[in-house]
Amino acid sequence: MINTIGEILPRMVPHPSSDSLLRLGLSCAIAIVLWGWVSTVGDPEETRVFRDVPVQVDTLSGNLDVVTLPPPATVRVTGAESVVSDIDRSEIQAELDLREVNRAGTYEVPVRVSLDHDVRRVLAEPREVSIVVQETVSEIETVQYIPPDDVEGTKQIGALEPEVTEVTVTGSRSVMDTIDRVIVPIDTGDRTSTFTGEFRPIAVTSDGVQVNDVAILPDEIEVRVPISTRGKTVPVLVNVAGEPAAGFEEVYRTSNPPTVVIDGPADVLAQIPFVSTTPVDISGETGSVQNTVEITGLPDGISVLVPQSGLINAVVQIDPRGSRIVLEDQPVQAIGARDGQLVEITPAFVDVELLAEGESVEQVAPDSVMVIADVSGLGPGVHQVRPRVLLPPNMEWISITPATARVTIKDNEASRPPTEQRRRERTELPAPPFSS
């Protein structure tokens, strides 16, 4: 009877002995050790540390939402130097393992790291993080449209015409509880006519702080914004009172703002070319004068729209007039002394400050200027006199230093008439002895 192949083959192939199997195992072990040793010497092991790797949070199924954000992780990658050195930070993906999360509550979940490289070990720190999971809710909120509150000039905002009046807000319960209202701020920019634009709704707390981490649908709302103009823009005329100090003059006047917006009956507005301010006092000033002044003199029914306060900043620039020159040590001469009077002036020399215009500057010379002290009507004694200056045309003296002079006046005995001198001598003779 012919045997089957299954019966014949075992007889043809001899069974390996236990010694053969032992030698085979030792050879494999030695080969593995040699391969590991060669690999380590040629491509040593290296560990790289990647800090602040963001941890991703996947969307949970149903109406659950992770309301606490995990901190960034530190990832340590160990492997052959040739492999680890080629890893780019963007290739490291860290995420929360949410497979066991199926209801609201607090969980300790692992941080899982994926890396598309043949490395020996990848570790994330922290390995686990605590998260809070809440149910997400959706609510319908009425929208409040907020027109700009700082509209100035002739622009006026009419009644807003929005496309919708309600929106749907979705978020975790704890976040939704902080929402007080949903608003749509309207920004008109520099537009001066009616327009239709897209505006974003935002959720805010009772304090007006924007609430993030919620979804609002629709996320943009079309609104028609009516804009009309009113009033009239007119320039400002700055009024002044008084005169600047001697030798100074007003150069220009200006205001900030240079124009204002006024409003009132159209027929009255048409007759107002400009507006005036209360006066700026420049009496005795030698430099720029700045004052906050009011718009004044408006007809009945006319009011200032911009600025709303009706106040402006007025500036009056005052500069020296002509060229200022100082002549030092000018002699002071006395005039008006009577015959027989001796006049002594202290100080005998003063400094004179002059103002000369145009070609008059070239005419200024010490001998063209005279400083005089008028002693007319003054008798013997000591007097304080304010000298004055005589100048050529187109000149003006500003000051004298010092401003006053000490004038001492004495009678000159030698100049008296003889009869008067003899009368004086007789009065000074001793009286005769008394006789009975």
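The structure contained in this document is the topic of the report that follows. Remember, predicted model here, so these are calculated numbers, not experimental data.

What counts and how
Residues numbered from 1 in each chain as written. Predicted model: local features only at pLDDT ≥ 70, side-chain atom pairs only at ≥ 80, totals over all residues. Heavy atoms only, no water. Phe/Tyr/Trp six-rings, centres within 6.5 Å; stacked < 30°, edge-to-face > 60°. Lys NZ or Arg CZ within 6 Å of the ring centre and 35° of its normal. Helix = DSSP H or I, 4+ residues; strand = E, 2+ residues; numbered from the N terminus. Pairing = 2+ DSSP bridges. Core = buried A, V, L, I, M, F, W, Y, C linked by side-chain atoms within 4.5 Å. Buried < 20%, exposed > 50% of the residue type's maximum accessible area, 1.4 Å probe, protein only. Contact = heavy atoms within 4.5 Å.

**Some remarks on the packing of aromatic side chains**
Ring pairs (aromatic) are described by centroid distance and by the angle formed between their planes.
Argument step 1. Tallied over the entire structure, the rule returns 0 aromatic pairs.
Argument step 2. Over the face of the ring belonging to phenylalanine 195 we find arginine 191, whose NZ or CZ atom lies 4.0 Å from the ring centre.

**Here we look at unusual backbone geometry**
Argument step 1. Omega for the peptide link from glutamate 125 to proline 126 comes to 0°, which places this bond in the cis form.
Argument step 2. You can see proline 126 is positioned in the loop between β7 (121–125) and β8 (128–146).
Argument step 3. With an omega of -5°, the peptide bond running from valine 306 to proline 307 counts as cis.
Argument step 4. Secondary-structure assignment places proline 307 in the loop between β25 (303–306) and β26 (311–320).
Argument step 5. Phi at aspartate 52 is positive, roughly 55°, even though this residue is not glycine.
Argument step 6. Within the secondary structure layout, aspartate 52 lies in strand β1 (residues 45–53).

**Looking at the sheet that holds strand β10 (residues 161–162)**
Argument step 1. The antiparallel open sheet is built from 3 strands, whose spatial order is β10-β16-β13. At either margin of the open sheet sits one strand with a lone partner, and together these are β10 and β13 (195–199).
Argument step 2. As judged from the 5 bridges shared by β13 and strand β16 (residues 221–225), these two strands associate in the antiparallel manner. Following the sheet pairing, phenylalanine 199 is matched in β16 by isoleucine 221.

**Overview of the nonpolar core**
Argument step 1. Core analysis: the biggest nonpolar cluster contains 25 residues, and Val77, Leu96, Leu98, Val109, Ile131 and Val133 have the highest contact counts within it.
Argument step 2. Looking at this core, the elements with two or more residues in it are β1, β3 (64–66), β4 (73–80), β5 (93–96), β6 (105–114) and β8.
Argument step 3. Ignoring sequence-local partners within four residues, the contact set of valine 133 consists of Leu60, Leu64, Asp65, Val66, Val101, Arg103, Ala104, Gly105 and Tyr107.

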